[in-house]
Amino acid sequence: AILRPRSFAVPLRGLFGTSTRLSSHRSSRQLTHAMASSHPEWHAPSADGQSDNRPSLINSFTKTKTPFVPITESHVSWYICGPTVYDSAHMGHARNYLNFDVLRRIMTKYFGYNVMYVMNVTDVDDKIILRANTNRLAEVIAAVGTQQSLPGPVQEALAQAQGLKDSKDLPAIKAAIDGLTNAARAAWGGAESLKSNPALACLAEDFDIQTAYLKLARHFEDEFFADMRDLGMQAPDTVTRVSEYFPQIVDMISGIVNKGYAYAVEGSVYFDVGQFGKADCHHYGKLVPTAVGNAELLAEGEGSLSGAVAGKRSPSDFALWKKSKPGEPQWPSPWGMGRPGWHIECSAMCSDVLGKNVDINCGGVDLAFPHHDNQLAQSEAYWDCKQWVNYFLHTGHLHIEGMKMSKSLKNFITIRKALEMYTARQIRFLFLLHHWNEPMDLTPKFGQGDKAEVVVAFQQMEQAVSIETRFKDFFQAAKGFLRGAEADTGSNFWREEEKALNNTLHSVSARVRAAMLDSFDTPAVIKALQDLVSDVNKYMEQPEPRAPLVRSTAAFVTRILDCMGVTDADANAVGFGGSAGGTKDEIVRPYLDALTAFRDELRALARSKAEPLEILRACDRLRDDVLPPLGVQLDDKADGRAMWKLEDPAVLAKAKAREAEEKAMKEEAKRKLAEDRARKAAEKERLDSIPPLEFFKQGEHAGQFTKYDANGLPTHDNEGAELPKSRVKKLEKTLSAQVKAHDAWKKKQGAAMTEST
């Protein structure tokens, strides 16, 4: 469950990505301001021989919109920093990767570029290594904890291990794992004996971080790409994993060392920032020059498992190769057994696939320094070039209530949780309504969970859901009209209404193009499409609208939405569409099966001379139970006809579940009301059955009085004192009412006895 915190925010890369290297107080607004400060000269690519009709991009090198000029006309080499796979992806990742998915689609589908889109997976990292070790520590602690009686050595080892649950001291964690495992084996007959005990079997297995880190990483990598598929993201053209690139990483580090820009210290290798900056053609800190030398950011960039190194020449120097410590995986290198630094991983993988000059590199704004600045420095040192990447794009953070996410508050919203509340299309609309490079806020709405309040919705999603509904209703209306107009042979002569709508189409097309050219201004694109939809809706309400014009305008809206990943419709189609696939028989079979079964049911009802109500119930079952799983929604109209709509079966299933839940809640409320009424009626029946003489001697009156008159009216209180006249008068009214109620009860009982005889 997502529990209600005091206030919280989701960063672009957090539990799942590299932004956890960013301190909690460092907001994207601060980063954007820092990035806007003075920066080194950016070298614009040559546009000789290329078309002038190119989009402008908000380039992090200049902090301005600069015309995009690819290295090779019509081709774009594009690298995106992918996930660090040690936990589940959240809404911050959704914004990052969906934003760049939108930009990539616009580049390919709208502007016609041939994009080579490369994403890395960081599967060797401090957080993965630490998580794999702490998972093993928790596993052995839990196994030992299943035993009721523990020998002394096991108790001591267990206490030591429990004290390290939240530690980042990897050698101590490894020692605790080994100590508890060995103590358990010694106490309970060795590894072979432990294998026969299911509760202790894990203690018989040797833990090897060399394989454990990769098992953890593969699990979360698979989960990440499943989430991306569920969000409708196009798969990268290629995915590079650090674990598959050790030879290339070592070669790149060797090349940097040989050029004099890196040095070895005690089995590790560090990039020499000072030496790099002395070169005429090189400049360190191109993206965020004001952050250069920031000790806290530099430490976060080095990772939580890094410590002080005596031979390091400058605090700004960063690790290219790290000597492995106990509890860490390791690989051979010219400098000894170790593992890559974080920043060199991306440089080596990107360079191997895309080469010595890259059109676009991108990621979250929190990666600008030190990660992306270090990428640039080491790559330009290796390739001995002044500009390795021509355009750097950074998306803004996703905040919740203006605050950055805190892991301790458990306030992140996973993608899977978000998809339980909203559809992938609605989430995409949410991000399209905001500029991709700017910070964005979400305001949670809370509902009562099983144990605490949980996030059930986001305020900003209301607009996204509303806009999706508006487009959906437009497509349904347009398709409904076009279906009815298929056999229409009426006039196609253009009146002023047709000319006006056609002019609007051309105007909106120009607005869309201007917005696309203006650094992919998707909010302006959505606004232009909404204006066109409004005019088409009004046009369809007029007498004799022309079907070809309705079709062309609706197809235009569909095509532009498709360029942003909202639809998956075929060319010239109308609506959100849906991936069908398969042969014609495979596609139509479930619909024909449903039609055939419904016909068989109606024929059986007719043969049995069923009542009309039974036939109507069969029709309702078709509408409510059979068609929705096929993606067909039937809406009954007041005139007795029905209109069909195509919808995602999952959306219809959620709607049906909500209706069933609401119905169940109403029935439960009705049941409770009936129970309450029955309880009150039974209580009244019981009270009415009490004879007046006994009324003040039991129930709520018991023990309050000591003397009564001949009619049962109290005269003295429980201490023997005579009651005041005012109180006696009130009691007389109560007794009079009881006499009437009891008489009525007796009459009812007598009538019941008469009926029974």
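Residues numbered from 1 in each chain as written. Predicted model: local features only at pLDDT ≥ 70, side-chain atom pairs only at ≥ 80, totals over all residues. Heavy atoms only, no water.

Asks: Can you tell me about the overall build of the protein, naming the residues and giving the values?
Replies: Along the backbone of the protein there are 23 helices and 19 strands. In terms of overall dimensions, the protein is more spread out than a globule: its C-alpha atoms have a radius of gyration of 36 Å, far above the 27 Å expected for 757 residues. For the protein, the C-alpha atoms occupy an extent of roughly 115 × 95 × 60 Å along the three principal directions. When burial is assessed residue by residue, the protein has 49% of its 757 residues classed as buried. Sequence separation of 24 or more characterises 74% of the internal contacts of the protein that already satisfy a separation of 6 or more. As displayed, the protein has an accessible area near 36500 Å², and 52% of this comes from carbon and sulfur atoms. Placing the 94 positive and 98 negative side-chain charges of the protein at their respective mean positions leaves the two points 4 Å apart. (Helix = DSSP H or I, 4+ residues; strand = E, 2+ residues; numbered from the N terminus. Rg over C-alpha atoms; globule rule 2.2 N^0.38 Å. Buried < 20%, exposed > 50% of the residue type's maximum accessible area, 1.4 Å probe, protein only. Contact = heavy atoms within 4.5 Å. Areas by Shrake-Rupley, 256 points an atom, 1.4 Å probe, with all protein chains shown as cover. Lys, Arg positive; Asp, Glu negative; His and termini not counted. Charge placed at Lys NZ, Arg CZ, Asp CG, Glu CD.)

Asks: Would you mind going over the packing of helix 3 (residues 126-144) against helix 7 (residues 209-230) in detail, with residue names and values included?
Replies: Across the interface, helix 3 lies against helix 7 with an axial gap of 9 Å and an inter-helix angle of 105°. The angle between the axes of helix 3 and helix 7 places the two elements in the roughly perpendicular class. Here Ile-128, Ile-129, Arg-131, Ala-132, Asn-133 and Asn-135 of helix 3 lie close against helix 7, whose contacting residues are Ile-209, Ala-212, Tyr-213, Leu-216 and Ala-217. In terms of residue class, the contact of helix 3 with helix 7 is made up of eight nonpolar, two polar and one charged. (Axes fitted to C-alpha atoms, helices over the stretch in contact; angles between N-to-C directions. Parallel < 35°, antiparallel > 145°, perpendicular 65-115°, else oblique. Nonpolar A, V, L, I, M, F, W, Y, C, P; charged D, E, K, R; others polar.)

Asks: Can you tell me about the pattern of salt bridges, naming the residues and giving the values?
Replies: Summed over all chains, the structure comprises 46 salt bridges. A salt bridge links Glu-468 to Arg-425; its shortest N-O distance comes to 3.4 Å. Taken together, the residues Glu-468 in helix 15 (residues 461-485) and Arg-425 in helix 14 (residues 424-432) connect sequence positions 43 residues apart. We note a salt bridge from Lys-472 to Glu-647, for which the minimum N-O separation is 2.5 Å. A residue pair is termed long-range when its members are at least 10 positions apart, and Lys-472 in helix 15 and Glu-647 in the loop between strand 17 (642-646) and helix 21 (649-688) qualify at 175 residues. Classification of Glu-647 as buried rests on a relative accessible area of 14%. Taken together, the shared-partner salt bridges in this structure form one network comprising Asp-123, Arg-218, Glu-221, Arg-241 and Glu-244. (Salt bridge = Lys/Arg side-chain N within 4 Å of Asp/Glu carboxyl O.)

Asks: Mind laying out the packing of helix 8 (residues 246-258) against helix 12 (residues 368-383), listing which residues take part and the relevant values?
Replies: Contact pair helix 8 / helix 12: the axes reach a minimum separation of 8 Å and the direction vectors enclose 70°. Classified by the angle between their axes, helix 8 and helix 12 sit roughly perpendicular to one another. Each of Asp-251, Met-252, Gly-255 and Ile-256 in helix 8 lies in contact with helix 12, whose residues at this interface are Gln-378, Ser-379, Ala-381, Tyr-382 and Trp-383. The residue makeup of the contact of helix 8 with helix 12, split by class, is five nonpolar, three polar and one charged.

Asks: Just give me the short version of the side chain of Asn-361, but keep the residues and values in it.
Replies: Within the secondary structure, Asn-361 sits in strand 10 (residues 358-364). Under the relative-accessibility criterion, Asn-361 is labelled buried at 0%. Contact partners of Asn-361, with chain neighbours within four places excluded, come to Tyr-79, Gln-375, Trp-388, Val-389, Tyr-391, Phe-392 and Leu-393.

Asks: So, the packing of aromatic side chains: which residues are in play, and what are the values?
Replies: All told, the structure shown has 25 aromatic pairs when counted by the stated rule. Considering the side-chain rings of Tyr-97 and Phe-224, the 5.2 Å spacing of their centres and the 75° angle between planes classify their relative orientation as edge-to-face. Of this pair, Tyr-97 sits in helix 2 (residues 91-110) while Phe-224 sits in helix 7, and the two are 127 residues apart along the sequence. Pair check on accessibility: Tyr-97 and Phe-224 agree, each one buried. When the ring of Phe-695 is compared with that of Phe-696, the centres are 5.2 Å apart and the planes differ by 80°; the resulting orientation is edge-to-face. The exposure class of Phe-696 is buried, given its relative accessible area of 1%. Here a set of aromatic residues connected by ring pairs shows up, and it is made of Trp-42, Phe-68, Tyr-113 and Tyr-391. Against the face of Tyr-263 rests Arg-313, its NZ or CZ located 4.0 Å from the ring centre. Sitting over the face of the ring of Phe-576, Arg-425 holds its NZ or CZ atom 3.8 Å from the ring centroid. (Phe/Tyr/Trp six-rings, centres within 6.5 Å; stacked < 30°, edge-to-face > 60°. Lys NZ or Arg CZ within 6 Å of the ring centre and 35° of its normal.)

Asks: Tell me what's going on with the environment of Pro-692, and back it up with residues and numbers.
Replies: The residue Pro-692 is located in helix 22 (residues 692-695) in this model. Residues Pro-692 and Ala-741, spaced 49 residues apart in sequence, show a C-alpha to C-alpha distance of 9.4 Å. If sequence neighbours within four positions are ignored, Pro-692 has contacts with Asn-711, Gly-712, Leu-735, Gln-738, Val-739 and His-742.

Asks: Describe the nonpolar core, naming the residues involved and giving the relevant values.
Replies: Of all hydrophobic cores here, the largest spans 179 residues; its most connected members are Trp-78, Phe-471 and Leu-561. The greatest single-element share of this core, amounting to ten residues, is contributed by helix 2. Listed in part, the nine residues of the second largest apolar core include Phe-696, Phe-705, Leu-731 and Leu-735. (Core = buried A, V, L, I, M, F, W, Y, C linked by side-chain atoms within 4.5 Å.)

Asks: Hey, could you go over the sheet that holds strand 3 (residues 75-80) for me, with residue numbers and the actual values?
Replies: The sheet built from five strands is open, its strands ordered 5-4-3-10-11 with parallel pairing. Each having just a single partner strand, strand 5 (238-241) and strand 11 (389-395) make up the two edges of the open sheet. Geometrically, the sheet is characterised by an average inter-axis angle of 25° between neighbouring strands, direction not taken into account. In the sheet, strand 3 pairs with strand 4 (residues 114-121) via six bridges, with the strands oriented parallel. Residue pairing across strands places Val-76 opposite Val-115, the latter belonging to strand 4. Sitting on the sheet, helix 7 is in contact with strand 4 and strand 5, with an inclination near 145° to strand 4. (Pairing = 2+ DSSP bridges.)

Asks: Describe in detail the sheet that holds strand 8 (residues 318-323), supporting the description with residues and values.
Replies: Read from one edge to the other, the open sheet built from four strands follows the order 6-7-8-9, with strand pairing classed as antiparallel. Two strands in the sheet have a free side with no partner beyond their single neighbour: strand 6 (262-265) and strand 9 (338-340). Within the sheet, the average angular offset between the axes of one strand and its neighbour, ignoring direction, is 20°. Two strands pair when backbone bridges link them, and strand 7 (residues 268-271) and strand 8 are joined in this way by three bridges, in the antiparallel orientation. Directly across from Val-269, in strand 8, lies its bridge partner Trp-321.

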